[in-house]
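Tertiary structure, described
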Amino acid sequence: MTQSISIALLLAVLSGTLLNAQLLVPPPESAPDSKQVFEERAGVFEFVAADQGSLQIARKIGREVIEVCNDLLTPPLERIPIIAVKLVPDGRGNLEGVSHRLYQDIAGDYGLAVSWNQQLSASLFVQALTESYLRQLVFTLSDVKRAEETPPWLIAGTSLRVQTDLRPALVEYLKELGRESQMVSLEDLVAKTQLSELTPSDHIASFWFLELISRQLGTEKKVRNFFDTVIAGRNPLELLAQQSEKIRTFSNGIEGWWVIGFQDLVHRENGIVLSLDRSARQLQILNRFELIERNQPIYTTAAGLWELRKNDTIKEAINGRLRDIAAVLPRVNPVYFTTFQRLGLVFQSLLENDSETFQERVEVFNEELNRANLIADDVQLLSEDPQAVIP
């Protein structure tokens with residue numbers, strides 16, 4: 001059976017290097033003479049594209065944007081309105097001269113049109129999706145005024161977190177850029193009201209500020225409470241000082257805490273250890289493959305790749321996943337550390353073309369994953385109620 005595989009497209013758009021907070025490898029050009037239209041959902045994003053490959057790229061990134069944003073903010077109980085995202089090839093639409101356009105319809109809901117061509121950076125696409133989802137989320141939680149005031153540093157920092165979740169090796173490059181960039185004042189950063197005002201150093205600072213907040217507050221509940229309050233209009237620096245005695249009593253106040261914390265992160269060998277949730281999601285990303293067969297999307301994991309192991313695109317993807325595991329392993333929560341190693345061994349056996357070893361390693365990986373998930377559930381239960389009885 002012949003399979004048309006789109007993993008190469010996903011690798012192309014997600015394997016670039018960062019420069020000035022932008023990924024340099026763009027999505028592939030859509031065929032200009034193709035009039036066929038494809039539509040597919042990823043959560044609240046409804047993507048429209050001229051080809052399935054582009055649609056798969058967009059859906060993969062869109063899912064990660066939603067998950068990262070929902071880790072930071074408490075999603076509303078009511079349904080979040082659909083965000084229509086049109087991937088517009090050259091020669092169509094009215095986007096001449098602009099990379100994308102974020103707009104609101106008569107009801108105030110957001111939509112996004114993107115110039116889908118070789119000039120579009122993947123980083124800019126991630127940021128556009130992040131901005132549209134955060135503003136729609138805030139609009140649903142509050143009102144249009146609050147949505148328009150969504151902090152630019154939050155959009156920029158969240159966008160880079162999405163990118164590092166998709167490509168873990170980018171963390172090391174952000175550390176390098178952080179060491180080389182000008183030190184940004186937090187007061188200056190949070191005072192900026194437009195994304196266009198942010199400098200490359202501001203983008204880098206926004207990412208590390210987000211990481212420092214997560215480290216300082218600790219639990220997912222406290223992090224969400226913090227950002228829920230920020231989007232309601234509170235000054236983030238005043239709120240941090242209020243919630244942390246360590247920051248209140250820090251020499252030179254919150255700016256002193258920021259300078260020391262920032263320098264610690266960008267010079268630390270391993271960086272911040274990922275939370276249980278982020279470690280589990282990173283594992284899921286590394287073990288998820290999206291293919292296209294007969295113009296239809298197919299989803300599989302490493303366990304389903306044996307018949308495709310000799311395909312050059314698949315081999316390239318597997319080698320990329322092995323590099324990602326090596327990059328993220330020092331930051332993985334200890335509960336999932338062995339699980340990442342086991343997944344790497346599964347990938348390795350695919351490259352070695354050893355059927356018996358492959359099957360054995362898949363079984364061991366699944367057993368280790370179940371064990372880690374059970375421990376993670378127990379840890380989560382105890383974090384919410386230290387007196388809880390573990391079943």
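Overview of the structure. (Residues numbered from 1 in each chain as written. Predicted model: local features only at pLDDT ≥ 70, side-chain atom pairs only at ≥ 80, totals over all residues. Heavy atoms only, no water.)

**A word on the overall build of the chain**
Put simply, the rule is: Numbering goes from the N terminus for both helices and strands, where a helix is a DSSP run of H or I of at least four residues and a strand is a run of E of at least two. Should any heavy atoms of two residues lie within 4.5 Å, those residues are considered in contact.
For the chain, the helix and strand inventory stands at 16 helices and nine strands. Once local pairs closer than 6 in sequence are excluded, the contacts in the chain between residues at least 24 apart make up 70%.

**Considerations on the packing of helix H3 (residues 122-141) against helix H5 (residues 152-166)**
For the record, the criterion: Think of each axis as a best-fit line through the C-alpha atoms, taken over the contacting stretch in the case of a helix, with angles from 0 to 180 degrees between the N-to-C directions. Roughly parallel covers angles under 35 degrees, roughly antiparallel covers those over 145, roughly perpendicular covers 65 to 115, and oblique covers all other angles. Here a crossing is taken to be left-handed if its near helix is turned anticlockwise relative to the far helix by less than a right angle, and right-handed if that turn runs clockwise. The nonpolar class holds Ala, Val, Leu, Ile, Met, Phe, Trp, Tyr, Cys and Pro. Asp, Glu, Lys and Arg form the charged class, and all remaining residues, Gly among them, are polar.
One can describe the packing of H3 onto H5 by two numbers: an axis separation of 9 Å at closest approach and a directional angle of 125 degrees. The orientation of H3 with respect to H5, classified from their angle, is oblique. Where H3 crosses over H5, the two elements pack in a sense that is right-handed. In this structure, H3 uses Ser-123, Val-126, Gln-127, Thr-130, Glu-131, Leu-134 and Arg-135 to contact H5, whose residues at the interface are Leu-154, Ile-155, Thr-158, Ser-159, Val-162 and Gln-163. Classifying every residue of the contact of H3 with H5 by side-chain character gives five nonpolar, six polar and two charged.

**Let's talk about a negative patch on the surface**
Heads up, the condition is: In this analysis, a patch consists of residues with relative accessible area above 30% that form no salt bridge, clustered at 9 Å for like charges and at 5 Å for the nonpolar side chains Val, Leu, Ile, Met, Phe, Trp and Tyr. Using the Shrake-Rupley algorithm and a 1.4 Å probe, accessible areas are obtained, with residue cover drawn only from the displayed protein chains. For salt bridges, the criterion is a side-chain nitrogen of Lys or Arg within 4 Å of an Asp or Glu carboxyl oxygen. In this tally, Asp and Glu contribute negative charge and Lys and Arg positive charge; neither His nor the terminal groups of the chain are included. All charge positions are set by atom: Lys at NZ, Arg at CZ, Asp at CG, Glu at CD.
Taken together, the side chains of Glu-352, Asp-354, Glu-356, Glu-360, Glu-363 and Glu-367 define an acidic patch exposed on the protein surface. Broken down by element, the residue count for the negative patch peaks at four residues, all from helix H16 (residues 355-384).

**Comments concerning the pattern of salt bridges**
Should the charged atoms of two oppositely charged side chains come close, the side chains can pair. Quick reminder of the rule: When a residue's accessible area, from a 1.4 Å probe over protein chains only, is under 20% of the maximum for its type it is buried; when over 50% it is exposed; and in between it is partly exposed.
Tallied over the full model, the rule gives 18 salt bridges. The salt bridge partner of Arg-281 is Glu-64, with a shortest N-O separation of 3.1 Å. In this pair, Arg-281 is assigned in helix H13 (residues 276-286) and Glu-64 in helix H2 (residues 52-72), connecting sequence segments 217 residues apart. Of the residues examined, Arg-281 reaches a relative accessible area of 7% and is grouped as buried. Judged by relative accessible area, Glu-64 falls into the buried class, the value being 3%. A salt bridge links Arg-281 to Asp-71, with the shortest nitrogen-to-oxygen separation between them at 2.5 Å. With Arg-281 in helix H13 and Asp-71 in helix H2, this residue pair connects regions lying 210 residues apart in the sequence. Overall, Asp-71 belongs to the buried group, its relative accessible area being 18%. Salt bridges sharing partners connect three or more residues here, namely Glu-64, Glu-67, Asp-71, Arg-161, Asp-165, Glu-211, Arg-278, Arg-281 and Arg-331.

**Considering helix H10 (residues 236-243)**
Put simply, the rule is: The arc refers to the directions leading from the helix axis to the C-beta atoms. A 3.5 Å cut-off defines polar contacts: any pair of N or O atoms within that distance qualifies, except that in protein one atom must be a possible hydrogen donor and the other a possible acceptor, and neighbouring residues in sequence count only when both atoms are side-chain atoms.
If you check which residues of H10 are buried, you get Pro-236, Leu-237, Leu-239 and Leu-240. Projected down its long axis, H10 carries its buried residues within an arc of 160 degrees, all on one side. The secondary structure elements touched by the buried residues of H10 are H5, helix H7 (186-191), helix H8 (200-217), helix H9 (220-231), helix H11 (245-248) and helix H12 (253-267). Backbone nitrogen of Leu-237 and a side-chain oxygen of the N-cap are separated by 2.8 Å at the start of H10; the cap is Asn-235.

**Focus: the nonpolar core**
To keep it simple, the criterion reads: Here, the term nonpolar core denotes a set of buried Ala, Val, Leu, Ile, Met, Phe, Trp, Tyr and Cys residues that are joined through side-chain atoms within 4.5 Å.
The biggest cluster of nonpolar side chains holds 76 residues, and the ones touching the most others in it are Phe-125, Tyr-133, Trp-153, Trp-208, Phe-209 and Phe-227. Sorting elements by how many residues they give to this core places H3 first, with ten residues. Not counting residues within four places of it along the chain, the set of residues in contact with Tyr-133 comprises Val-44, Phe-45, Val-65, Ile-66, Cys-69, Asn-70, Ile-80 and Ile-83. Formed by 31 residues, the second largest nonpolar core is a distinct cluster that contains Ile-318, Leu-329, Phe-347 and Leu-369.

**Details of H5**
Formally: Here, expected helix span is obtained from the residue count minus one, scaled by 1.5 Å.
Along its 15 residues, H5 runs 21 Å from first to last C-alpha, staying within 8% of the 21 Å computed at 1.5 Å per residue. Summarising burial for H5: 15 of the 15 residues are buried, a large majority.

**Observations concerning the packing of H5 against H13**
Between H5 and H13, the least distance of the axes is 9 Å, while the angle of their chain directions is 55 degrees. If you check the angle between H5 and H13, you find them oblique. Across from Arg-161, Thr-164 and Asp-165 in H5, the residues of H13 making contact are Arg-278, Arg-281, Gln-282 and Ile-285. Taken together, the residues of the contact of H5 with H13 sort by class into one nonpolar, two polar and four charged.

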